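# Observations on chain architecture
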Amino acid sequence: MPRFFFALLAAALAFLTAASQPAGAQSDDDVVWVQVEAQPSLAAATDRARAYSTLLQDVNGFALGGGWYGIAVGPYTRQDAELVLRSYVAEGLVPRDSFIQLSSRFRQQFWPVGANVLSRGVIDPPESVTPDASIPPVDTTPLELTPLEPAPPESTPPVVAEPVLPEPADETPREAQLSERLLDDEERKALQIALQWAGFYDSTIDGAFGRGTRNSMAAWQEANGYEVTGILTTLQRAALFKQYNAVLGGLGLQLVRDDKAGIAIMMPTAEVAFAEYEPPFVQYNATGDIGARVLLISQAGNQDTLFGLYDIMQTLEIVPLNGPRERTTTSFELVGENGSIISQTQVSLQDGHIKGFTLIWPAGDEDRRRRLIAEMSKSFVRLPAVLDHAAGDNAEQAIDLVAGLQIRQPKISRTGFFVDGTGSVATTSETVQACGRITLDDDTEADVIAGDATNGIAFLKPRNALSPRAVARFSIGVPRLKSEVSVAGFSYEGVLSAATLTFGTLADLKGLQGEEQLNRLSLKAQPGDAGGPVFDASGNVVGMLLPRPETGQRLPDDVSFALDTASISEAAQSAGLSLTTTDSTGPIAPRDLTIAAQGMTVLVSCWE
């Protein structure tokens with residue numbers, strides 16, 4: 001009686017649902033597709049959709065969710081779809097496991113590029129598909145399993161484990177070979193890579209399915225409970241790739257299309273989300289726990305623009321200094337890594353448009369990062385548009401930002417000065433302690449060749465030869481007390497592009513504790529001035545400014561100290577350097593002093 005009641009209720013609901021729809025309206029069940037294949041990567045699905053398009057009409061590709069992509073033909077009415085399915089299976093054009101699919105199971109369309117046919121009505125089947133009584137109908141009726149009647153307790157036999165039989169193949173070896181022939185070279189290499197990752201293949205990734213590849217396929221089949229044939233069927237290939245792509249699970253890998261930037265690309269949407277436009281970048285900032293970031297890069301330009309971007313990218317904090325870099329005439333790739341992050345940038349120039357992307361990923365997760373960067377690279381599609389240079393509001397502007405991204409900053413910047421014609425530089429030993437890299441004027445790398453920590457002086461040698469505009473000339477006389485002195489230095493640690501002069505007087509020929517190697521100056525110096533040359537009224541160098549001492553007492557602002565020339569000369573001699581000396585006593589014009597000071601003074605920066 002209850003079963004009869006529920007049948008009447010279902011019939012009534014069906015009648016009311018049909019009555020509520022306007023005449024001619026189509027439900028989701030009326031608009032269906034023939035799904036012929038699914039692939040675990042966008043690149044593989046795109047290639048397969050392209051291959052099917054050469055054989056079939058109305059081929060479309062859609063994201064299915066979970067990192068999978070489906071290929072389907074349609075949309076048709078259900079009756080037409082069943083006719084198309086029977087015809088294509090009988091002709092061997094699609095796999096035997098193709099089936100009828102609803103529109104509601106499809107997400108964003110990826111093939112044909114730029115198309116969106118999910119909302120359109122049904123179409124007629126191809127003219128080549130005609131009813132044929134010889135083609136058996138497709139049985140879509142679900143199987144009903146009848147439960148077995150339990151045996152009486154007294155006659156229950158002992159439990160015997162059933163033998164584990166290999167899972168039957170979805171295709172015969174001949175059918176598997178036929179479907180295998182549709183694979184292009186990249187797909188065949190991808191299979192070898194997946195087998196290699198699974199531990200069954202250790203030879204060359206060449207796309208050639210020789211004895212080594214066949215043996216690895218057989219070993220994988222045996223390990224995964226399939227019939228061992230040495231030829232992977234369509235479903236077995238899908239299972240292998242599902243294993244291979246499991247490492248990307250949870251990242252929300254989806255195709256993201258940005259029409260302003262003219263880029264479509266797979267992106268870990270569970271970890272990043274759109275933040276802002278800051279030309280030439282589209283910033284996708286971290287939303288997940290791992291702290292990932294993605295930049296899309298899009299701008300109009302030529303080779304000079306490309307090379308300029310290459311240089312600028314390397315000044316950003318998101319591109320650490322360590323890592324390989326490669327630049328060609330039309331592209332570049334940057335990999336930067338430190339203890340916290342690894343970033344990888346791929347950019348190319350085509351038809352006057354510079355486009356690419358950067359992935360910033362936490363260090364120590366290399367397996368996922370390599371897999372993700374491969375998916376992003378394979379899926380990258382250049383669309384017609386390019387990011388307008390006026391996009392974004394540019395609300396935040398600062399000299400240490402480039403398009404909203406932080407420029408890499410040194411941990412300390414001080415002053416130095418050239419002491420010989422080869423570009424050797426004197427600076428304070430404090431400046432060059434525990435540096436991963438030392439630069440002169442931000443672009444020339446240098447090495448410490450000698451140091452005297454007791455007196456606080458160090459000498460640097462540039463890795464590339466320099467030709468200084470001016471070299472320090474050291475006075476051989478003793479400077480006069482209360483005489484005018486000046487210091488050239490980068491007071492603001494590189495904010496200004498040239499050294500500035502700060503004036504004062506020589507207050508004493510020794511330090512506060514009677515240190516003979518020090519001169520005390522009455523001069524208001526800034527921290528960035530440390531390491532700069534101290535000049536007398538004739539433009540001769542009479543010392544090097546030292547950092548303010550840590551005495552535990554607060555000294556007056558105008559108290560500074562300089563290392564005298566005798567100590568500088570002794571340290572230089574130990575380093576194998578020859579200094580230029582002079583006994584000139586004539587006054588120097590302020591303009592000439594400024595030119596000489598700026599010519600010999602250099603910004604010294606210490607980087608992590």
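Residues numbered from 1 in each chain as written. Predicted model: local features only at pLDDT ≥ 70, side-chain atom pairs only at ≥ 80, totals over all residues. Heavy atoms only, no water.

### Description of the overall build of the chain
For clarity, the threshold we go by: Numbering of helices and strands runs from the N terminus, with a helix taken as a DSSP run of H or I at least four residues long and a strand as a DSSP run of E at least two residues long. For each residue, the accessible area found with a 1.4 Å probe, counting protein chains only, is set against the maximum for its type, and the residue is called buried under 20%, exposed over 50%, and partly exposed in between. A contact between two residues is defined here by any heavy atoms of the two lying within 4.5 Å. Calculation of accessible area relied on Shrake-Rupley with a 1.4 Å probe; when residues are assessed, cover is drawn exclusively from the protein chains displayed.
Looking only at helices and strands, the chain features 11 helices and 31 strands. Every one of the 608 residues in the chain was classed for burial, and the buried ones make up 44%. Look at the contacts in the chain between residues 6 or more apart in sequence, and 62% of them connect residues 24 or more apart. Total accessible area on the chain stands at roughly 31,700 Å², and carbon and sulfur atoms take up 52% of it.

### Some points on the sheet that holds strand β12 (residues 331–337)
Counted only if it meets this: Strand pairing is defined by DSSP finding a minimum of two bridges between the two strands. Every angle, taken between N-to-C directions, lies between 0 and 180 degrees, and every axis is a line fitted to C-alpha atoms, over only the stretch in contact when it is a helix.
Strand order in the open sheet formed by seven strands is β8-β9-β10-β14-β13-β12-β11, and the pairing between neighbours is antiparallel. Two strands bound the open sheet, and with one partner strand each, they are β8 (272–278) and β11 (325–327). Taking each pair of neighbouring strands and ignoring which way they run, the sheet shows an average axis angle of 10 degrees. Here β8 runs beside strand β9 (residues 281–286); their pairing, made up of six bridges, is antiparallel. Bridge pairing in β9 links E276 to Q283. In the packing of helix α8 (residues 303–313) onto the sheet, the strands contacted are β9, β10 (293–300), β11, β12, β13 (341–350) and β14 (353–362), and the crossing angle to β12 comes to about 0 degrees. Contacts between helix α9 (residues 366–379) and the sheet are confined to β10, β13 and β14, with β14 contributing the most and set at about 165 degrees to the helix.

### Let's talk about helix α5 (residues 185–197)
Put simply, the rule is: Any helix carries an expected span of 1.5 Å times its number of residues minus one. Picture the helix axis, draw a direction to every C-beta atom, and the arc is the one those directions span. The definition of a polar contact used here is a pair of N or O atoms within 3.5 Å, where within protein one atom must be able to donate a hydrogen and the other to accept one, and adjacent residues in sequence count solely through side-chain atom pairs.
Over its 13 residues, α5 runs 18 Å from end to end, which matches the ideal 18 Å to within 8%, given 1.5 Å per residue. Taken together, the buried positions of α5 are occupied by E187, R188, L191, Q192, A194 and L195. Axial view of α5: buried residues confined to an arc of 160 degrees, hence all on one face. Two or three places before E186, at the opening of α5, D184 has a side-chain oxygen 3.2 Å from that residue's backbone nitrogen. A positive phi of about 90 degrees marks G199, the residue just after α5.

### What to know about the packing of aromatic side chains
Worth spelling out the cut-off: We call Phe, Tyr and Trp rings a pair once their centres come within 6.5 Å, taking the six-membered ring for Trp, and we label the pair stacked below 30 degrees between planes, edge-to-face above 60, and tilted otherwise.
Under the defined criterion, the tally for this structure stands at 11 aromatic pairs. Between W33 and F62 the ring centres are 5.1 Å apart and the planes differ by 75 degrees, which places this aromatic pair in the edge-to-face class. Note that W33 is positioned in strand β1 (residues 32–39) and F62 in strand β2 (residues 59–65), a separation of 29 residues in sequence. Considered together, W33 and F62 belong to a single accessibility category, that of buried residues. Each ring, one from Y69 and one from F110, has its centre 5.7 Å from the other, and the planes form 90 degrees; the classification is edge-to-face. Of this pair, Y69 sits in strand β3 (residues 68–76) while F110 sits in strand β5 (residues 109–111); the two residues are 41 residues apart in sequence, bridging distant segments of the chain. Each member of the pair, Y69 as well as F110, carries the same accessibility label: buried. Linked through ring pairs, W33, F62 and F106 together constitute an aromatic cluster.

### Overview of the pattern of salt bridges
Worth spelling out the cut-off: A pairing counts as a salt bridge when a side-chain nitrogen of Lys or Arg comes within 4 Å of a carboxyl oxygen of Asp or Glu.
A full pass over the atoms with the stated rule returns 17 salt bridges. Across the pair E366 and R370 runs a salt bridge whose closest N-O atoms are separated by 3.1 Å. With E366 and R370 both in helix α9 and four residues apart, this pair spans about one turn of that helix. Note on R370: relative accessible area 53%, which makes it exposed. Three or more residues are tied together by salt bridges with common partners; here these are R437, E445, D447 and R463.

### A look at a nonpolar patch on the surface
Let me state the cut-off plainly: Like-charged residues within 9 Å of one another, or nonpolar side chains (Val, Leu, Ile, Met, Phe, Trp, Tyr) within 5 Å, are grouped into patches, provided each residue has over 30% relative accessible area and no salt bridge.
Together, V478, L481 and L509 line one region of the surface with nonpolar side chains, adding up to about 270 Å² of accessible area. By secondary structure assignment, the location of L481 is in the loop between β23 (473–475) and β24 (484–489). A relative accessible area of 45% means that L481 is categorised as partly exposed.

### A short note on helix α10 (residues 565–574)
If you check which residues of α10 are buried, you get T565, S567, I568, A571 and A572. Looking straight down α10, one finds that the buried residues subtend no more than 160 degrees of arc, so they occupy a single side. Structural note: α10 exposes A566, E570, Q573 and S574 on the side pointing more than 90 degrees away from its buried face. For α10, the elements touching its buried residues are β22 (457–462), β23, β28 (541–545) and β29 (559–564). Positive backbone phi, at 80 degrees, marks G576, one or two positions downstream of α10.

### Points about unusual backbone geometry
Along the chain, G74 connects to P75 via a cis peptide bond; the corresponding omega equals 5 degrees. Relative to the helices and strands, P75 resides in strand β3. The amide bond that connects W111 to the next residue, P112, takes the cis arrangement and shows omega of -10 degrees. Tracing the backbone through its elements, the reader meets P112 in the loop between β5 and α4 (173–181).

### A few points about the confidence of the model for the chain
This is how it is decided: Confidence scores here are pLDDT values: one per residue, from the predictor, ranging 0 to 100.
For the chain, mean pLDDT is 83; residues scoring 70 or higher make up 86% of the total. Below a pLDDT of 50 lies the segment residues 1–26, which in the model reaches five contacts outside its immediate sequence neighbourhood of four places, other chains included. For residues 138–165, every residue scores under 50 in pLDDT, and the model assigns this stretch three contacts once sequence neighbours within four places are set aside.

### Brief notes about the state of the cysteines
Formally, a disulfide is one covalent bond, and it connects the sulfur atom of one cysteine to the sulfur atom of another. Counted only if it meets this: Our working definition of a disulfide is a cysteine sulfur pair at a distance within 2.5 Å.
Applying the stated criterion across every chain yields a total of one disulfide. Each sulfur in the disulfide pair C435 and C606 lies 1.9 Å from the other. In this structure the cystine formed by C435 and C606 twists about its S-S bond by roughly -120 degrees; its chirality is therefore left-handed. Of the two residues, C435 sits in the loop between β19 (425–428) and β20 (437–440) while C606 sits in strand β31 (residues 601–607), which places them 171 residues apart along the sequence. In this structure C435 comes out as partly exposed when scored by relative accessible area, which is 23%. Residue class for C606 comes out buried when judged on its relative accessible area of 0%.

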